[in-house]
Amino acid sequence: MKNFDAFFQKIYAQPIEARQHWYAEATQAYDQYRAPYVPEIIDLICGKIKPESVILEIGSGPGNATQHFAQRGFSLICLEPNPRACEFAAQRFQNYPIQIINTTFEEWEPTLEKFDTILASTSFHWLQPDTRCQAIANLLKPQGNIVLLWNTVPQPDPTIFQDLLPLYEKYMPSFASFENIAVQEQNLKNISQGLLDSNCFQNLELTQVIETKDYSPNDYLKLLTTLSPYIALDPTVRRQLFDELKAVFQARKIQTIPTQYICAAHIAQVKPPS
């Protein structure tokens, strides 16, 4: 994605009622078809968190990342604007010490409590760029950590992407470039630089693992329904695009779509007041 923040801020400029329901129709597909977080990265993050800590998670969705921390015994306060995702997560974690709050981070009214760890799981780009770092820093205890956990978008094998390219040029010209691992790595480095430029954090670590996942054509299309650029399409255009993607898979007799993605974590410590 050439202008990551600009795309999401255009969405974020919509009224809260629209933003609350952005992923509503994709809640179950998000849980089922999004690429999984890698245990190696989860273990790394957990090693940085005090066992007795309460984690504040921003943009928890249906709990794809939340589940890993819940299973490791952590308590969480999860902020999620989508009511359907909140209902899904509340049911999912009913036997865990997890509080689900239906709100955006900006509209949340916190108590006086501060946190050792604030986690954003593939959600940091939804926050207002000019205020997000300072707002998070203000909620961290001395020496507390911001943790940005990421799964980049699974990219299909380049030979398959070339078969799909004419359709992207037709329906989604802004996304008709192949985001290979090098592009995704640069996006992660840009986020690192943004954290450092905010002057709110120090001792930044970026750890990443390249992972693979195979999808059937049907499951791959289900994955696409959970991605914001496709959700943003006019429903008629999206339906036509998906029909034509399916036709390409059938014409090429593609039964498996190999993909690559990066699972990564930015971990940084809040700077002491100057």
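Here's a quick rundown of the structure. Position labels on residues start from 1 in each chain and follow its written sequence. Only residues with pLDDT of at least 70 get local features here, since the model is predicted, and only at 80 or more are side-chain atom pairs given and counted; chain-wide, interface and lining totals rely on the full set of residues. Only hydrogens and water are set aside; all other atoms, that is, all heavy atoms of the structure, feed into the side-chain values.

## Examining the packing of aromatic side chains
Turning to step 1, where the next piece is worked out: Two aromatic rings, drawn from Phe, Tyr or Trp (for Trp, its six-membered ring), form a pair once their centres lie within 6.5 Å of each other, and the interplanar angle then sorts them: stacked below 30 degrees, edge-to-face above 60, tilted otherwise. Tallied over the full model, the rule gives 7 aromatic pairs.
Turning to step 2, where the next piece is worked out: Between phenylalanine 161 and tyrosine 168, the aromatic rings sit 5.9 Å apart at their centres with planes inclined by 20 degrees, giving stacked as the arrangement. Tyrosine 168 carries the same exposure label as phenylalanine 161, and that label is buried.
Turning to step 3, where the next piece is worked out: Measuring from centroid to centroid gives 6.1 Å for tyrosine 230 and phenylalanine 242, while their planes differ by 65 degrees, and the two rings are edge-to-face. Of the two residues, tyrosine 230 sits in helix H11 (residues 228–231) while phenylalanine 242 sits in helix H12 (residues 235–251), which places them 12 residues apart along the sequence. Pair check on accessibility: tyrosine 230 and phenylalanine 242 agree, each one buried.
Turning to step 4, where the next piece is worked out: Each residue in the set Phe161, Tyr168, Tyr230 and Phe242 is aromatic and connected to the rest through ring pairs, giving one cluster.
Turning to step 5, where the next piece is worked out: Either the NZ atom of lysine or the CZ atom of arginine qualifies as a charge over a ring when it sits within 6 Å of the ring centre and within 35 degrees of the ring normal. Taking NZ or CZ as reference, lysine 213 lies 5.1 Å from the ring centre of tyrosine 215, over its face. Type-normalised accessible area, obtained with a 1.4 Å probe on protein chains alone, sets the label of each residue: buried when under 20%, exposed when over 50%, and partly exposed for intermediate values. Helix numbering and strand numbering both begin at the N terminus, where a helix is a DSSP run of H or I of at least 4 residues and a strand a DSSP run of E of at least 2.

## Points about the nonpolar core
Turning to step 1, where the next piece is worked out: Residues grouped as a nonpolar core are buried Ala, Val, Leu, Ile, Met, Phe, Trp, Tyr and Cys residues, joined through side-chain atoms within 4.5 Å. Among the nonpolar cores identified, the biggest contains 51 residues, and Phe69, Leu149 and Leu245 are the most heavily contacted of them.
Turning to step 2, where the next piece is worked out: A total of 7 residues in this core trace back to one element, the largest contributor, which is helix H8 (residues 158–171).
Turning to step 3, where the next piece is worked out: It only takes one pair of heavy atoms within 4.5 Å for two residues to be counted as in contact. Leaving out residues up to four positions away in the same chain, phenylalanine 69 has contacts with Ile42, Ile45, Cys46, Ile49, Ile55, Phe74, Leu76, Leu119 and Leu149.
Turning to step 4, where the next piece is worked out: By size, the runner-up hydrophobic cluster in this structure holds 29 residues, among which are Ile58, Ala137, Leu140 and Ile191.

## Describing the packing of helix H10 (residues 217–224) against H12
Turning to step 1, where the next piece is worked out: Axis definition: a line fit to C-alpha positions, over the contact stretch in the case of helices; interaxial angles, taken between N-to-C directions, run 0 to 180 degrees. Look at H10 against H12: their axes get within 10 Å of each other, and the N-to-C directions meet at 155 degrees. Relative to H12, the element H10 is oriented roughly antiparallel. Seen from above, H10 lies across H12 with right-handed handedness. Residue-level inspection shows Pro217, Tyr220, Leu221 and Leu224 of H10 in contact with H12, the latter providing Phe242, Leu245, Lys246 and Phe249.
Turning to step 2, where the next piece is worked out: Amino acids are sorted into nonpolar (Ala, Val, Leu, Ile, Met, Phe, Trp, Tyr, Cys and Pro), charged (Asp, Glu, Lys and Arg) and polar (every other residue, Gly among them). Tallied by class, residues from the contact of H10 with H12 come to 7 nonpolar, no polar and 1 charged. Note that the term roughly parallel is reserved for angles under 35 degrees, roughly antiparallel for angles over 145, roughly perpendicular for angles of 65 to 115, and oblique for everything else. Crossing chirality is assigned from the near helix's rotation relative to the far helix, an anticlockwise turn below a right angle marking it left-handed and a clockwise turn marking it right-handed.

## Remarks on the pairing of strand E1 (residues 54–58)
Turning to step 1, where the next piece is worked out: Across the 5 residues of E1, 4 count as buried, placing the element largely inside the fold.
Turning to step 2, where the next piece is worked out: Alignment of E1 against strand E2 (residues 75–79), held across 5 bridges, turns out to be parallel. Bridging across to E2, glutamate 57 finds its partner in cysteine 78.
Turning to step 3, where the next piece is worked out: Crossover handedness is defined by viewing with both strands directed away from the observer: a clockwise path from the first strand over the helix to the second marks the crossover as right-handed. For the handedness criterion, the β-α-β arrangement of E1, helix H5 (residues 66–71) and E2 is classed as right-handed. Only when DSSP finds a minimum of two bridges between them are two strands counted as paired.

Keep in mind these values describe shape, not function.
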